[in-house]
Amino acid sequence: MSSSDTFASLAALQPILDALASPVVVEDSRHRCVLMNRAFRQFMHLPPHAPLGLRVSDVLPQAQARRILAANERVLASGEDCRNEEEITDPGGRLRWLLTHKRRIEIGGEPMVVSVVTDITALREAEAHSRYLALHDPLTGLPNRALFADRLDQALARLQRKRTAHALLSLDLDRFKQVNDTLGHHAGDELLREFGRRVAALLRPGDTFARFGGDEFAFLLGELSPDFGLDRFCARILDAAAEPFSIGGHPVFVGASIGVVCFEDANAGRGELLRRADIALYQAKLEGRGRYSIFHEALDEGRRHRARLEAELRETLAGGGRGLELRYQPFVGKAEGQVVGVEALVRWMHPRLGLLGPAQFLGVAEESGLIAALQDWVLATACTTLARWPALRLAVNVSRAYLRDPQLANRVVTLLAKTDFAPQRLELELSETTLAAADATVLGQLRALRQQGIRISLDNFGTGYSTLAHIRSLEIDKIKIDRSFIHQIERSEDSGAMVRAISHIGQAMHVEVAAEGVETLAQRRFLETVGCSELQGFYFFEPVSEADLAQAIGSAPR
Ligand code: C2E
Ligand code: MG
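Throughout what follows, the structure given in this document is the object of discussion. The shown structure was predicted, so the numbers you read here are calculated from the model rather than taken from an experiment.

1. Considerations on the packing of aromatic side chains
- Counted by the stated rule, this structure contains nine aromatic pairs.
- Ring geometry for F148 and F212: centres 5.3 Å apart, planes at 75°, overall edge-to-face. Of this pair, F148 sits in helix α6 (residues 145-161) while F212 sits in strand β7 (residues 208-213), placing them 64 residues apart in sequence.
- An aromatic cluster is built from F195, F209, F217, F219, F228 and F233, whose rings are joined through pairwise contacts.
- The ring of F245 has R198 sitting right over it, with the charged end atom 3.8 Å from the ring centre.

As structure tokens, this is what we get:
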């Protein structure tokens, strides 16, 4: 058959091919198009009478055309059918994915390739979208935990070949929960998105910034050059979080805490690095939030120590508090140094570590939720002991975490009833900072306690931020001037003046004024002249055990 006969018979096929919905094209061994149907023309945006003899390389970018032609060559050479996935840029500039079924045929003795095209762009786009969803946080569009883990694994794999400085940062927003609770989840969502945008603007290409969920974020900073200022970077991120967010036209203030772990090899795996960053983050929060902390071994040691202490304290409390002890430090009234009450101070005779002071285990008790049980033990034990001294008042320190219990007043009153202790004899000491941070629940509980006759005393006065309004609205019974002022009385005129002023304010507000940490006769005299009604300190008594209390009280300096 001559080639004109061939084309004539092919032309006869045209109406049949045009009836097919799928694009079909037939190319000869020199890659010239000898036949194409209407669907193919439309698909390739070709004019209705596009010239035959066109090559794929005439309409597609060269790299794409080369791959298609190579597939055609294979089919021509092998004679085997093939399914080929092709990526092409259509004339509109949009990337499309095609699945072509190719078959070698012979027309007029000439080998040709017929390609039947299926457009699978929608499928591939849907797949890409679900892959995106699986690896990104839908709220902020940031990588999620899974993608972060993958990037970290990749970085660790690279570090096995070559050491370079990397940093992993774990970040929590401070006070985010309050935003959600008070302004609603929409406001919280908006804040998270805005924070994501602010931080993204501070990153280098290649850095990973991910949201793990809630207010938890993480960074992976790779290939850090020696002049990369990690400190500066953290400071910038903290600034981005601390700057007010405008939510619904209102300024909203949060902040962030960051834990950093630096690494340059793959010795610690992914899980360990994340754990270390979290330990450093915990430290940053412990130090007061709004800051960053860098992981070092001692932190880990500290965490292990706290975890062990917590387990041991839990066991001790479950066993009825065996090992816990109280010391009692008397305080004296104005009248000739007469003991009017004692303050209970907790100790722990630890089987491994010896006698521990409150500073060594109260933090652990507060963080682990054991403080309530510990505080109950202190109250019950002290009330029982003080049954022997019915004329003395009892002061017990209570921490912030204990005050948060919405059933606190009931709890204390029940405890007093059990030990048959008159509420009027009990004084709860809370630190000034605790009061300053008190919310409506805490204030409500404090009022309920006062209505039962229990006295509220503000400990360490002068070191916190309580306002006079606070004191008046709470009808505090007593303020205890912090011992740091008392120590300075003899050395600094300012301290003396401060103590005098506090004392005068207290008297004007009809609040009893006490002083703690009195160590010398001169301090005692000064405090008496400015009108402090109760004094406590080593000058009078050190804290003593229950066994020594009777003797100590009998020997007060007059
Ligand atoms: P705080 O309530 O201010 O107790 C006074 C602390 O100062 C006691 O230390 C006491 O031993 C010490 N101190 C007393 N007089 C003097 C003095 O003249 N000079 C000096 N330098 N120090 C003096 P301690 O027993 O180590 O207690 C420390 C803190 O632990 C207490 O401070 C209190 O806030 C807290 N704490 C003690 N027991 C409990 C408790 O049962 N529950 C709670 N939540 N906190 C407690
Ligand atoms: Mg106290």
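What follows picks up the thread again.
2. Overview of the pattern of salt bridges
- Scanning the entire structure with this criterion turns up 46 salt bridges.
- Here R304 and D300 are joined by a salt bridge, their closest N and O atoms 3.4 Å apart. Of this pair, R304 and D300 both sit in helix α11 (residues 297-318), four residues apart, roughly one helical turn.
- Given a relative accessible area of 41%, R304 falls into the partly exposed group.

3. Let's talk about the sheet that holds strand β12 (residues 292-294)
- As summarised here, the arrangement of the five strands in space is β7-β8-β6-β11-β12, forming an open sheet in which the pairing is mixed. The open sheet has two edge strands with one neighbour each: β7 and β12. When strand polarity is set aside, the average angle formed by the axes of neighbouring strands in this sheet is 20°.
- Bridge count between strand β11 (residues 255-263) and β12: three bridges; the pairing is parallel. In the strand pairing of β12, G259 is matched with S293.

4. Observations concerning unusual backbone geometry
- Even without being a glycine, E223 presents a positive backbone phi close to 50°.
- By relative accessible area, E223 is classed as partly exposed at 44%.
- Even without a glycine there, the phi angle at N460 is positive, about 50°.
- By the element assignment, N460 lies in strand β18 (residues 455-461).

5. As for the coordination of the magnesium ion (ligand 2)
- Protein-derived ligands of the magnesium ion (ligand 2) are E343 (OE), N397 (OD1), E429 (OE) and D459 (OD), with the metal-ligand distances lying across 2.0 to 2.3 Å.
- Between consecutive donor residues of the magnesium ion (ligand 2), the sequence gaps follow E-x53-N-x31-E-x29-D. One end of the pair, E343, is in strand β14 (residues 339-350); the other, E429, is in strand β17 (residues 426-431), with 86 residues separating them in the sequence.
- With a relative accessible area of 4%, E343 lands in the buried category.
- The buried category is assigned to E429, whose relative accessible area is 1%.

6. Overview of the packing of α11 against helix α12 (residues 358-368)
- Relative orientation of the contacting elements α11 and α12 amounts to 80°, with a least axis distance of 10 Å. Our classification of the angle between α11 and α12 gives roughly perpendicular. Along its contact with α11, which presents R306, L309, E310, L313 and R314, the element α12 presents Q360, F361, V364, A365, E367 and S368.
- Looking at side-chain class alone, the contact of α11 with α12 contains five nonpolar, two polar and four charged residues.

7. Details of helix α10 (residues 270-286)
- Look at α10: 24 Å from first C-alpha to last across 17 residues, which is about the 24 Å you get at 1.5 Å a residue.
- Listed in full, the buried residues belonging to α10 are L273, A277, I279, A280, L281, Q283 and A284.
- Contacts made by the buried residues of α10 are with α6, β6 (166-174), β11, β12 and α11.
- Directly beyond the C-terminal end of α10, a positive phi value near 120° is found at G288.

8. Some remarks on the sheet that holds strand β3 (residues 82-89)
- Pairing in this open sheet of five strands is antiparallel, and the strands run β2-β1-β5-β4-β3 from one edge to the other. Lying at the two open borders of the sheet, with one neighbouring strand each, are β2 (33-36) and β3. Between one strand and the next, the sheet's axes are offset by a mean angle of 30°, whatever the strand orientation.
- Pairing geometry for strand β4 (residues 95-107) and strand β5 (residues 110-119), over 10 bridges, is antiparallel. Within β5, the residue paired with H101 across the bridge is V116.
- Where helix α4 (residues 62-78) meets the sheet, it contacts β1 (24-28), β3, β4 and β5, and its direction lies at approximately 30° from that of β4.

9. Notes on the site of ligand 1
- The full set close to ligand 1 counts 24 residues, and N397, D459, R483, E519 and F538 are the nearest of them.
- Here an oxygen atom of ligand 1 sits 3.0 Å away from a polar atom, N or O, in the side chain of E343.
- One of the side-chain N or O atoms of Q375 is found 3.2 Å from a nitrogen atom in ligand 1.
- Compared with its free state, where it exposes 790 Å², ligand 1 has 82% of that area covered by protein.
- Taken together, the elements giving at least two residues each to the shell around ligand 1 come down to β14, α12, α13 (371-386), β18 and α19 (483-488).
- Residue contributions to the shell around ligand 1 peak at four residues, all from β14.

10. Some remarks on the packing of α10 against α11
- Between α10 and α11, whose axes approach to 10 Å, the crossing angle comes to 80°. Relative to α11, the element α10 is oriented roughly perpendicular. Here R275, R276, I279, A280, Y282, Q283 and L286 of α10 come into contact with α11, specifically with E297, L299, D300, R303 and R306.
- The class makeup of the residues in the contact of α10 with α11 is five nonpolar, one polar and six charged.

11. Points about the nonpolar core
- Ranked by size, the top nonpolar core spans 75 residues in total, and within it L394, V412, L426, V499 and L527 carry the most contacts.
- Top element by residues in this core is α13. It accounts for eight residues.

12. Re the environment of V412
- Structurally, V412 can be placed in helix α15 (residues 408-419).
- Considering only alpha carbons, one finds V412 and A552, 140 residues apart in sequence, at a separation of 28 Å.
- Those residues within four positions of V412 in sequence are excluded, and the remaining contacts are L379, Y402, L426, L449 and I454.

13. A closer look at the side chain of H31
- Position of H31 relative to the elements: it lies in the loop between β1 and β2.
- Of the residues examined, H31 reaches a relative accessible area of 11% and is grouped as buried.
- Here E73 takes part through its side chain, which lies 2.8 Å from a polar atom of the side chain of H31.
- What H31 contacts, discounting residues up to four positions off in sequence, is L54, R55, V56, L69, N72 and E73.

Cut-off values and rules
- Residues numbered from 1 in each chain as written.
- Chains lettered and ligands numbered in written order.
- Predicted model: local features only at pLDDT ≥ 70, side-chain atom pairs only at ≥ 80, totals over all residues.
- Heavy atoms only, no water.
- Phe/Tyr/Trp six-rings, centres within 6.5 Å; stacked < 30°, edge-to-face > 60°.
- Helix = DSSP H or I, 4+ residues; strand = E, 2+ residues; numbered from the N terminus.
- Lys NZ or Arg CZ within 6 Å of the ring centre and 35° of its normal.
- Salt bridge = Lys/Arg side-chain N within 4 Å of Asp/Glu carboxyl O.
- Buried < 20%, exposed > 50% of the residue type's maximum accessible area, 1.4 Å probe, protein only.
- Pairing = 2+ DSSP bridges.
- Axes fitted to C-alpha atoms, helices over the stretch in contact; angles between N-to-C directions.
- Donors = N, O, S within 2.8 Å, 3.2 Å for Na, K, Ca; no water.
- Parallel < 35°, antiparallel > 145°, perpendicular 65-115°, else oblique.
- Contact = heavy atoms within 4.5 Å.
- Nonpolar A, V, L, I, M, F, W, Y, C, P; charged D, E, K, R; others polar.
- Expected span 1.5 Å × (residues − 1).
- Near = heavy atom within 4 Å.
- Polar contact = N/O pair within 3.5 Å; in protein donor to acceptor, adjacent residues only side chain to side chain.
- Areas by Shrake-Rupley, 256 points an atom, 1.4 Å probe, with all protein chains shown as cover.
- Core = buried A, V, L, I, M, F, W, Y, C linked by side-chain atoms within 4.5 Å.

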